[in-house]
Amino acid sequence: MTVPLPPPRRLVELTVDGAPVRVPEGSTILDACGGAGQDIPTLCYGDTLTPKNACRVCMVEVEGSRTLVPACSRKAEAGMVVGTSTERARHSRKVVLELLGSSVDLSTTPRAAEWLAEYGARPGRFGEDAAKVEQPVKVDNDLYVRDYDKCILCYKCVDACGEQWQNSFAITVAGRGFDATISTEFDAPLTDSACVYCGNCVEVCPTGALSFKSEFDMRQAGTWEESRQTQTTTICSYCGVGCNLTLHVQDDQIVKVTSPHDNPVTHGNLCIKGRFGYQHVQNLPSPGTSGTPRATSAGDITSPGTAPPRADATEVATGGRT
Amino acid sequence: MDLRFRDAEPTDDERAAVDAVLGPPPSSWHGGLRTEDDLHFAAGGREARDQRNLLLPALHAVNDRVGWISEGALDYICRRLTVPPAEAYGVASFYSLLSLKPRPARVLHVCTDLACQARGAQEVRRHVQERLGPPGTSWTPSPCLGLCERAPAALALEAGETPKSTVYAPALPDGGPASGTRAGGRAAGGANAGDTDSAAGQANVQLHDPQTERPDGPATGGARGPGGDGGQGARILLGREEPSAASAVPQAGDPSLVLLRRVGAVDPASLDDYRAAGGYAALRRAFELGPLGVVQEVTESGLVGRGGAAFPAGRKWAAVASRPARPHYLVCNADESEPGTFKDRVLMEGDPYALVEAMTIAGYATGCAKGYLYIRAEYPRATARMRHAIATAHARGLLGEDILGQGFAFDIEIRRGAGAYICGEETAIFNSIEGYRGEPRSKPPFPVDRGLFGMPTVVNNVETLANVLPILLNGAAAYARTGTEGSTGTKLFCVSGGVARPGVYELPFGATLRELLALAGGPPADLRAVLLGGAAGAFVRPDELDIPLTFEGTRAAGATLGSGVVLVLDGSVDLAGILVRIAEFFRDESCGQCVPCRVGTVRQEEALHRLSRAPKAEDLTLLREVGQAMRDASICGLGQTAWNAVESAIDRLGAFPLPSAPLTASVGAGSAASPAPSLVRAASPAAPVALPVPSPPEAS
């Protein structure tokens, strides 16, 4: 078997925080910083998406540039002199984190607390009356939940739903300025929208504003414990594409399904079946319990007596459009 | 694309409005009736998607006909253009003049922006609120309407088969005994150089609603009789015949004028008048020079962009002309929305053919076959004049195929904005024309490489293009003799606020602010400050009137010319109120794409509200820190400049002086609580001490 190699790319040399770095032409400053061992915070950057550079937490200082530049999207150029921790860059990162922290709920954003501490950001200093993004949690289907209190408008879900991956175009950014939100047309429930429940938006959401219903329910119940979860990557058994599934398992129950972003076929994207159609795996009677379904800590989701099996839920959610 | 539509049906009116823009639907795939063929052949696809740029015109059509866009109408537009309904909803909800909720056909937009606020807009607003209730569907406070020389202003837009617009400027409260005494207070006092000096009582009985203009008609406003069909909104404000564009040019008729020389001297509807006054000589000269020659002349003239960024126009043109990718596009930015700016409106209303000619020359020089003229929707008369001028030029062979027999083909299409300041940003304007949300793009790539529809694009402001005519007529060298070395030619200034003769003035670069104000009737005795460059500009003090009005001179003084706004604030103006309004403006107009601007503008406004109640050191520190982050980290110029004016008011005018006793305490607390004293000016304990000095030392 022959493996096609990409054409060779020239290397460009630039300076990151005083140290010379060489990266292939076309790389971003963020790539170069990674190469130089710098850890730059990112939120709207997605490894499988075109940078939108909306969140502005990855801003770095480039000599000769009037403003700071977004590391995630600016291409590295030969001779560039990049400062990742200059006063200006750190100040901007601190304030942007404060602006985010004061307007949205960052409690489920991985690493947010660490960054807030690192940059000395105090979101509380804008006062009690500081305007917040306040929206009720949207639970309009059985598969995933939209909690836009936590949304930083990174556009990743819109891009994943739209032309970059799924081509469903169920959601968009509606409104303008601080009132902008992610929305379906006329804010219709997802069940009336073009959503196909692939969950690829949930896959890319950086803050937990989008979460699987299973995870949402367990967090509500206080039973969500990532430290007790295992992750097992396997292959989806539904069709021949061979998508990789990563099963997140807590207490012998699949609690959510993600997909490795470095998979060359699917880049972390799945369809509704791979993403949500796992219930049959755990509807089997446990050995020795003579056919009685187990009650689980996740709110009886597997007990046929109180809730339909997950596959049926899928049918309900999508109106049979799978 | 497998789109899911909602099953809402459009009304006949909505369908007709959309079909008037897009033509009748060719098949049931486009929302038409189902025929036998449709069962066998799918239509739409790429062909329909390529029409995406008609999304905004189609939304406008429905909004103009019905007053708002229903689910059925949006659905029908989406079927016609193969646009996902969610995306169309995102676009429609972006623009403030489009409504997705039912509202009356007639909506009154009351300007509450800077120039109007300095001339009694609050009074008008109070009056309208008394009559119509709190702002909502029938009336709404509006950002700058570009009628600043006749402030305070209001604009009524009325949907219908022939949509109408009515300009009230100055907007005088009508009705009841109050109207006879001009309840606007300062509103009209001493202003407007004789346009409005007839007694209010007289106008009161005479005219209710006369400045009505059909956007599709070329003529000046035809008066409607009192008690016309304007509905309840009509009698709220007292209208009068909208004066000609020349009334906004106090210098009209002065032979030394260059850009404004034809305003008031020619009939803006007459191409013959324009040609008799020297029109189309510059285009002939361009054909003699050839495209490269034109670019060279413009480069040598030293012309820089007049939209605010002051980028050399010749370099932009040369870059686009040299790009191999085709087609090239020309975009004329007439989305003049900077509060206090109205020069482009006056140029378009008073001398529309000059813009047509200048765009033709720009297209010729840079290899464009198509130019888009993007006019803000708040300018119905300018739009009507330009539409007429383009149609006439077309009919006379000055646009279209083979212009003047030279084998050059060029056409101009007008696109109307829909109420979004940000669409004047040079890349947001592309997204708006293409039918997407008017969000700025990340640069690089720059427009000269990838602009409209991804192609090399020249974007120029109206005034910039107007300068091309004298450059070609008199030669680059003669043009460059006017002005200074760094700023050549003449500049239009929009003078408004507390002066006797507000209006558009043309002066050679290098004149001082004092000279400009002298022309406008002199600064008021109790001059408080002058805002240069608009909401994104900077305040200067009464002792700084000798600033030379050049790009380099204002920059050296720590100010900016911006778009040429000169807003004069006298002692009666509530400075804190003006600052809060500036902050409100940026909050309203932020597109919401990037965090520093989306949230920063909100935090800036909140801090200014607190400061106007009780100045506190930590709020000043907060403003500086947020301001610096907006300036450093925002995507586009809106966020980057949203803090300029506020900063200059604090630093140069001594706004929000701190009471001296608690100062040390709060500074101590502030700096102790701020662990990263990253910005010298922000967190250094010395800075707040320097702030409250009412008249700071020399301009930095």
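Cut-offs applied
- Residues numbered from 1 in each chain as written.
- Chains lettered and ligands numbered in written order.
- Predicted model: local features only at pLDDT ≥ 70, side-chain atom pairs only at ≥ 80, totals over all residues.
- Heavy atoms only, no water.
- Salt bridge = Lys/Arg side-chain N within 4 Å of Asp/Glu carboxyl O.
- Helix = DSSP H or I, 4+ residues; strand = E, 2+ residues; numbered from the N terminus.
- Buried < 20%, exposed > 50% of the residue type's maximum accessible area, 1.4 Å probe, protein only.
- Contact = heavy atoms within 4.5 Å.
- Buried area = accessible area lost by both parts, 1.4 Å probe.
- Polar contact = N/O pair within 3.5 Å; in protein donor to acceptor, adjacent residues only side chain to side chain.
- Pairing = 2+ DSSP bridges.
- Axes fitted to C-alpha atoms, helices over the stretch in contact; angles between N-to-C directions.
- Expected span 1.5 Å × (residues − 1).
- Core = buried A, V, L, I, M, F, W, Y, C linked by side-chain atoms within 4.5 Å.
- pLDDT = per-residue confidence, 0-100.
- Phe/Tyr/Trp six-rings, centres within 6.5 Å; stacked < 30°, edge-to-face > 60°.
- Parallel < 35°, antiparallel > 145°, perpendicular 65-115°, else oblique.
- Left-handed = near helix turned anticlockwise from the far one by under 90°.
- Nonpolar A, V, L, I, M, F, W, Y, C, P; charged D, E, K, R; others polar.

J.: Explain the pattern of salt bridges residue by residue, including any values.
T.: Residues and elements named next belong to chain B. Summed over the entire model, instances satisfying the criterion amount to 64 salt bridges over all chains. Here Lys343 and Glu463 are joined by a salt bridge, their closest N and O atoms 2.9 Å apart. Of the two residues, Lys343 sits in helix 12 (residues 343-350) while Glu463 sits in helix 16 (residues 462-466), which places them 120 residues apart along the sequence. Both residues of the pair, Lys343 and Glu463, belong to the buried class. What you see here is one network of salt bridges that share partners, running through Glu149, Arg150, Glu242, Arg345, Glu349 and Arg381.

J.: Give me the interface of chain B and chain A: which residues, what numbers.
T.: Listed per partner, the contact involves 57 residues of chain B and 52 residues of chain A. When the buried surface of chain B facing chain A is broken down by residue, Arg4, Arg603 and Asp632 of chain B rank first, second and third, together holding 15% of it. The tally of links from chain B across to chain A stands at 6 salt bridges. Counting across the chain B and chain A interface gives 27 residue pairs in polar contact (both at pLDDT 80 or more). Counting only elements with at least two residues in the side of chain B that touches chain A, the list comes to helix 4 (71-81), helix 5 (85-92), helix 21 (575-589), helix 22 (595-613) and helix 23 (617-633) of chain B. It is helix 22 of chain B that provides the largest number of residues to the side of chain B that touches chain A, a total of 9 residues.

J.: Describe in detail the sheet that holds strand 17 (residues 565-570) of chain B, supporting the description with residues and values.
T.: Residue and element names in this part refer to chain B. Spatial strand order, 14-13-17-15-16: 5 strands in an open sheet with mixed pairing. Only two strands of the sheet have a single partner each, and these edge strands are strand 14 (503-508) and strand 16 (538-540). Averaged over all pairs of adjacent strands, the angle between their axes in this sheet comes to 30°, without regard to strand direction. Judged from the 3 bridges that link them, strand 15 (residues 527-532) and strand 16 form a sheet pairing that is antiparallel. The residue of strand 16 that forms the bridge with Leu531 is Phe539. Relative to strand 13 (residues 490-497), helix 12 is tilted by about 110°, and along the sheet it contacts strand 13 and strand 14. Across the face of the sheet, helix 21 comes into contact with strand 15, strand 16 and strand 17 while running at roughly 160° to strand 16.

J.: Quick rundown of the sheet that holds strand 1 (residues 11-16) of chain A? Include the residues and the values.
T.: Residue and element names in this part refer to chain A. Read from one edge to the other, the open sheet built from 5 strands follows the order 2-1-5-3-4, with strand pairing classed as mixed. Two strands lie at the open edges of the sheet, namely strand 2 (19-24) and strand 4 (69-70), each paired on one side alone. In the sheet, strand 1 pairs with strand 2 via 6 bridges, with the strands oriented antiparallel. For Leu11, the partnering residue across the bridge sits in strand 2 and is Pro24. Its contacts with the sheet place helix 2 (residues 87-103) against strand 3 (59-62) and strand 5 (81-83), and it is angled at close to 160° to strand 3.

J.: Residue-level account of helix 22 of chain B, with values.
T.: The end-to-end C-alpha separation of helix 22 of chain B is 27 Å, in line with the 27 Å expected for 19 residues at 1.5 Å each. By the criterion of burial, helix 22 of chain B is predominantly enclosed, with 15 of the 19 residues buried.

J.: Could you give an account of the nonpolar core, naming the residues involved and the relevant values?
T.: Counting residues in each nonpolar core, the largest one holds 210 residues, and the members touching the most others are Tyr144 of chain A together with Tyr95, Trp317, Leu373, Phe539 and Ile582 of chain B. Top element by residues in this core is helix 13 (residues 352-366) of chain B. It accounts for 10 residues. Sequence-distant contacts of Tyr144 of chain A, that is, excluding residues within four places in its chain, are made with Leu190, Cys195, Tyr197, Cys201, Val202, Leu210, Ser211, Phe212, Lys213 and Phe276 of chain A. Counting 27 residues, the second largest nonpolar core, distinct from the first, contains Val499, Leu513, Ile547 and Leu561 of chain B.

J.: Which residues make up the confidence of the model for chain B, and what values do they have?
T.: Chain-level pLDDT for chain B is 86 on average; 85% of the residues reach the 70-or-more range. Under a pLDDT of 50 for its full length, residues 661-700 of chain B has, in the predicted model, 52 contacts with residues more than four places off or in other chains.

J.: So what about the packing of aromatic side chains? Which residues, and what values?
T.: Residue and element names in this part refer to chain A. Scanning the entire structure with this criterion turns up 17 aromatic pairs over all chains. Geometrically, the ring pair formed by Tyr144 and Tyr197 is edge-to-face, given 6.2 Å between the ring centres and 65° between the ring planes. Residue Tyr144 is found in strand 6 (residues 144-146), and its partner Tyr197 is found in the loop between strand 8 (181-183) and helix 5 (200-204); the two are separated by 53 residues along the sequence. Assessed through its relative accessible area of 4%, Tyr144 is described here as buried.

J.: Go over the packing of helix 22 of chain B against helix 23 of chain B with me, naming the residues and quoting the values.
T.: Residues and elements named next belong to chain B. At a minimum axis distance of 10 Å, the contact between helix 22 and helix 23 shows a crossing angle of 160°. By the criterion of interaxial angle, the relationship of helix 22 to helix 23 is roughly antiparallel. Helix 23 is crossed by helix 22, and the crossing has left-handed handedness. Facing Pro596, Cys597, Gly600, Thr601, Gln604, Ala607, Leu608, Arg610 and Leu611 of helix 22, the residues of helix 23 in contact are Asp619, Leu620, Leu622, Leu623, Val626, Ala629, Met630 and Ala633. Partitioning the contact of helix 22 with helix 23 into residue classes produces 12 nonpolar, 3 polar and 2 charged.

J.: Got a sec to walk through helix 21 of chain B? Specific residues and values, please.
T.: The periodicity of an α-helix, 3.6 residues per turn, causes residues three or four places apart in sequence to face the same way. Residue and element names in this part refer to chain B. Here helix 21 spans 21 Å end to end across 15 residues, near enough to the 21 Å set by a 1.5 Å rise per residue. Within helix 21, 11 of the 15 residues are buried, which leaves it mostly tucked inside the rest of the structure. Taken residue by residue, helix 21 has Leu575, Gly577, Ile578, Leu579, Val580, Arg581, Ile582, Ala583, Phe585, Phe586 and Glu589 as its buried positions. The residue sitting at the N-terminus of helix 21 and contributing the capping side-chain oxygen is Asp574; that oxygen lies 3.3 Å from the backbone nitrogen of Ala576.

J.: Tell me about the environment of Asp217 of chain A, and name the residues and values.
T.: Within the secondary structure, Asp217 of chain A sits in helix 6 (residues 213-221). Along the backbone, Asp217 of chain A and Val145 of chain A are 72 residues apart, and their C-alpha atoms lie at a distance of 9.5 Å.

J.: So what's going on with the pairing of strand 4 (residues 164-168) of chain B? Which residues, and what values?
T.: All names here are of chain B. Taken across its 5 residues, strand 4 has 5 buried, putting it largely inside the fold. Across the two faces of strand 4 the burial is the same, with Lys164, Thr166 and Tyr168 and Ser165 and Val167 all buried. With 5 bridges connecting them, strand 3 (residues 154-158) and strand 4 associate as antiparallel partners. Bridging across to strand 4, Glu158 finds its partner in Lys164.

J.: Provide a residue-level description of the side chain of Asp570 of chain B, including the pertinent values.
T.: With respect to the helices, strands and loops of the structure, Asp570 of chain B is situated in strand 17. A distance of 2.7 Å separates polar atoms of two side chains, one belonging to Asp570 of chain B and the other to Ser572 of chain B.

J.: Can you lay out unusual backbone geometry for me, pointing to particular residues and giving the numbers?
T.: Here Ala169 of chain B and Pro170 of chain B are connected by a cis peptide whose omega angle stands at -5°. Even without being glycine, Asp17 of chain A reaches a positive phi, approximately 50°. Following the sequence through the fold, Asp17 of chain A ends up in the loop between strand 1 and strand 2. Unusually for a residue other than glycine, Tyr155 of chain A sits at a positive phi of about 75°. Examined against the element boundaries, Tyr155 of chain A turns out to sit in the loop between strand 6 and helix 4 (156-161). Note on Tyr155 of chain A: relative accessible area 4%, which makes it buried.

J.: Quick rundown of the packing of helix 12 of chain B against helix 14 (residues 380-395) of chain B? Include the residues and the values.
T.: All names here are of chain B. Relative to each other, helix 12 and helix 14 sit at 40°, their axes nearing to 8 Å. Classified by the angle between their axes, helix 12 and helix 14 sit oblique to one another. For the crossing formed where helix 12 meets helix 14, the hand is left-handed. Two secondary-structure elements touch here, helix 12 through Arg345, Met348 and Glu349 and helix 14 through Arg381, Ala382, Arg385 and Met386.

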